[in-house]
Amino acid sequence: MTDRRYLVAGNWKMHNGVADTSALLERLLAEKLPGTVDAVVCPPFVSLPAAAMLLAGSEIGLGAQNVHWEAKGAFTGEIAPGMLTEIGVRWVIVGHSERRSYFGETDETAGKRAAAAQAAGLEVIFCLGETLEQRDAGETLAVLERQSAVLGDLDPAHLVVAYEPVWAIGTGRTASPEQAQEAHAFLRQRLEAAFGGAAAGIRILYGGSVKPQNAAVLFGQPDVDGGLIGGASLDARSFSDIIRAAASCAAGDEQWQYS
Ligand code: PEP
């Protein structure tokens, strides 16, 4: 249990065009979500305007999956921060491992995207995490140290960090609660070194094959403040059950079990 408010964010990746987004959000809005946890969904760019209309007035926040650092210009295929805020987007995922491994995202470009997003008024969910080879080579903390270096240039008041071990994303293989806590505690120290007391307010999410069945034990770790959810966020029941698991941790309910 932590003093920070839990956050559960859904990364829909390249799933759900406009029609499917509307259908999924209608199902999600019909779920009775606990008011004690922040919930955010991040549909693909083309579905954001429809999502913004459906979520207007609801407690569910809206995020994008990437953003460019320039305000406009000759950057084919990119989306500027102001284009997101104009349609009611408040959150953005930056530096996801799929962007890093398939699209050449680097620590430097992720840092630039995050800084520009914050300057435009967006809340940043900054992803980092080691590959299996790096973990097996004992390099996990060194990788996190390198990837987290750019965080010091950001505004801690509008920053969420997502620890996502690459080997756990979409694989069905989850980090153990101890592995997650070790990485989160290390990241917390890094944030404290960068921001002093303000680090205490920064939420660190765990991401990597989170499901309703394993969410409570992961979120119950002292430095785990919620989750970034991929596959399980594509189902309204699973995603809302993960939010309920977070609410049980927020309430300090150690008896809570998914059923
Ligand atoms: C993700 O894409 O950020 C993620 C954590 O995916 P999954 O939950 O499917 O592992």
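Everything discussed here concerns the structure shown above.
All values derive from a computational prediction rather than experimental measurement. (Residues numbered from 1 in each chain as written. Predicted model: local features only at pLDDT ≥ 70, side-chain atom pairs only at ≥ 80, totals over all residues. Heavy atoms only, no water.)

Student: Which parts of the structure should I look at to understand the overall build of the protein?
Tutor: Counting its regular elements, the protein contains 10 helices and eight strands. The buried share of the protein, taken over its 259 residues, is 52%. By sequence separation, contacts in the protein at least 24 residues apart represent 71% of the contacts at least 6 residues apart. Approximately 11,300 Å² of the protein is accessible, and the part contributed by carbon and sulfur atoms is 52%. Both charge centroids of the protein, one from 20 positive and one from 31 negative side chains, sit 3 Å from each other. (Helix = DSSP H or I, 4+ residues; strand = E, 2+ residues; numbered from the N terminus. Buried < 20%, exposed > 50% of the residue type's maximum accessible area, 1.4 Å probe, protein only. Contact = heavy atoms within 4.5 Å. Areas by Shrake-Rupley, 256 points an atom, 1.4 Å probe, with all protein chains shown as cover. Lys, Arg positive; Asp, Glu negative; His and termini not counted. Charge placed at Lys NZ, Arg CZ, Asp CG, Glu CD.)

Student: Even after reading the chapter, I still don't get the sheet that holds strand 5 (residues 123-128), so can you show me in this structure?
Tutor: Pairing within the closed barrel is parallel, and its eight strands lie in the order 1-2-3-4-5-6-7-8. In this sheet, neighbouring strand axes are inclined to one another by 25° on average, regardless of whether the strands run parallel or antiparallel. Across two bridges, the pairing between strand 7 (residues 203-207) and strand 8 (residues 226-229) is parallel. Looking at the pairing, Gly207 lines up with Leu228 of strand 8. The strands touched by helix 10 (residues 236-250) are strand 1 (7-11), strand 2 (38-42) and strand 8; relative to strand 1, the strand with the most contacts, the crossing angle is about 160°. (Pairing = 2+ DSSP bridges. Axes fitted to C-alpha atoms, helices over the stretch in contact; angles between N-to-C directions.)

Student: When you look at the site of the ligand in this model, what are you seeing that I'm missing?
Tutor: Within the structure, the ligand sits among 14 residues, and Lys13, Glu164, Gly170, Ser209 and Gly230 are positioned closest to it. Within the side chain of Asn11, an N or O atom sits 3.3 Å from an oxygen atom of the ligand. In this structure, an oxygen atom belonging to the ligand sits 2.6 Å away from a main-chain N or O atom of Gly170. In isolation the ligand offers 290 Å² of accessible surface; the protein chains occlude 95% of this area. Split into classes, the residues belonging to the shell around the ligand amount to four nonpolar, eight polar and two charged. (Near = heavy atom within 4 Å. Polar contact = N/O pair within 3.5 Å; in protein donor to acceptor, adjacent residues only side chain to side chain. Nonpolar A, V, L, I, M, F, W, Y, C, P; charged D, E, K, R; others polar.)

Student: Even after reading the chapter, I still don't get the nonpolar core, so can you show me in this structure?
Tutor: Where a protein is soluble and globular, its nonpolar side chains tend to be buried together. Counting residues in each nonpolar core, the largest one holds 64 residues, and the members touching the most others are Phe126 and Phe219. Here this core gets eight residues from one element, more than from any other, and that element is helix 10. Of all hydrophobic cores here, the second largest spans 12 residues; its members include Ala9, Trp91, Ala162 and Leu205. (Core = buried A, V, L, I, M, F, W, Y, C linked by side-chain atoms within 4.5 Å.)

Student: Please clarify how helix 7 (residues 140-147) should be interpreted in this entry.
Tutor: Counting along an α-helix, one turn takes 3.6 residues, and residues three or four places apart therefore face a common direction. When we look at burial in helix 7, the residues that qualify are Thr140, Val143, Leu144 and Gln147. Buried residues along helix 7 cover an arc of 100° about the axis, so they all sit on one side. On its buried face, helix 7 is in contact with helix 4 (97-102), helix 5 (107-119), strand 5, helix 6 (132-136), strand 6 (159-163) and helix 8 (177-195). (Arc of directions from axis to C-beta.)

Student: How do you make sense of the pairing of strand 8 when you look at a structure like this?
Tutor: Each regular strand carries side chains that alternate between the two faces of the sheet. Alternating residues of strand 8 divide into Gly226 and Leu228 and Gly227 and Ile229, and every residue in both groups is buried. With four bridges connecting them, strand 1 and strand 8 associate as parallel partners. By the bridge assignment, Gly10 is partnered in strand 8 with Ile229. Assessed by its sense of winding, the connection that carries the chain from strand 7 through helix 9 (residues 212-219) to strand 8 is right-handed. (Right-handed = clockwise from strand over helix to strand, strands pointing away.)

Student: Looking at this structure, how should I read the pairing of strand 6?
Tutor: Counting buried positions along strand 6 gives five out of five residues, so the element sits mostly inside the fold. Of the two faces of strand 6, both are covered, the one formed by Leu159, Val161 and Tyr163 as well as the one formed by Val160 and Ala162. Where strand 5 lies against strand 6, five bridges are found, and the strand directions are parallel. Pairing of Val124 across the sheet is with Leu159, part of strand 6. Sheet analysis places strand 6 next to strand 7, joined by four bridges and oriented parallel. When the sheet's bridge partners are listed, Val160 is paired in strand 7 with Arg203. Following the backbone out of strand 6, through helix 8 and into the adjacent parallel strand 7, one traces a crossover that is right-handed.

Student: So what exactly am I meant to see when it comes to unusual backbone geometry here?
Tutor: Trans peptide bonds make up the majority, and among non-glycine residues the majority have a negative phi. Even without glycine at this site, Lys13 takes up a positive phi of about 55°. Take Lys13: it is sitting in the loop between strand 1 and helix 1 (18-30). Phi is positive for Asn16, which is not a glycine, with a value near 80°. Positionally, Asn16 belongs in the loop between strand 1 and helix 1.

Student: Please explain the packing of aromatic side chains as it appears in this structure.
Tutor: Within a pair of aromatic rings, the relevant descriptors are the distance that separates the centres and the angle that separates the planes. In the structure shown here, the tally under the stated rule is three aromatic pairs. Residues Tyr6 and Phe219 carry aromatic rings whose centres are separated by 6.4 Å and whose planes lie at 40° to one another, so their mutual orientation is tilted. Of this pair, Tyr6 sits in the segment before strand 1 while Phe219 sits in helix 9, and the two are 213 residues apart along the sequence. Phe219 shares its class with Tyr6; the two are buried. (Phe/Tyr/Trp six-rings, centres within 6.5 Å; stacked < 30°, edge-to-face > 60°.)

Student: Any chance you could explain the side chain of Thr21 here in plain terms?
Tutor: Structurally, Thr21 can be placed in helix 1. Among all residues touching Thr21, those that are not within four sequence positions of it are Trp12, Asn16, Pro43, Ser47 and Ala51.

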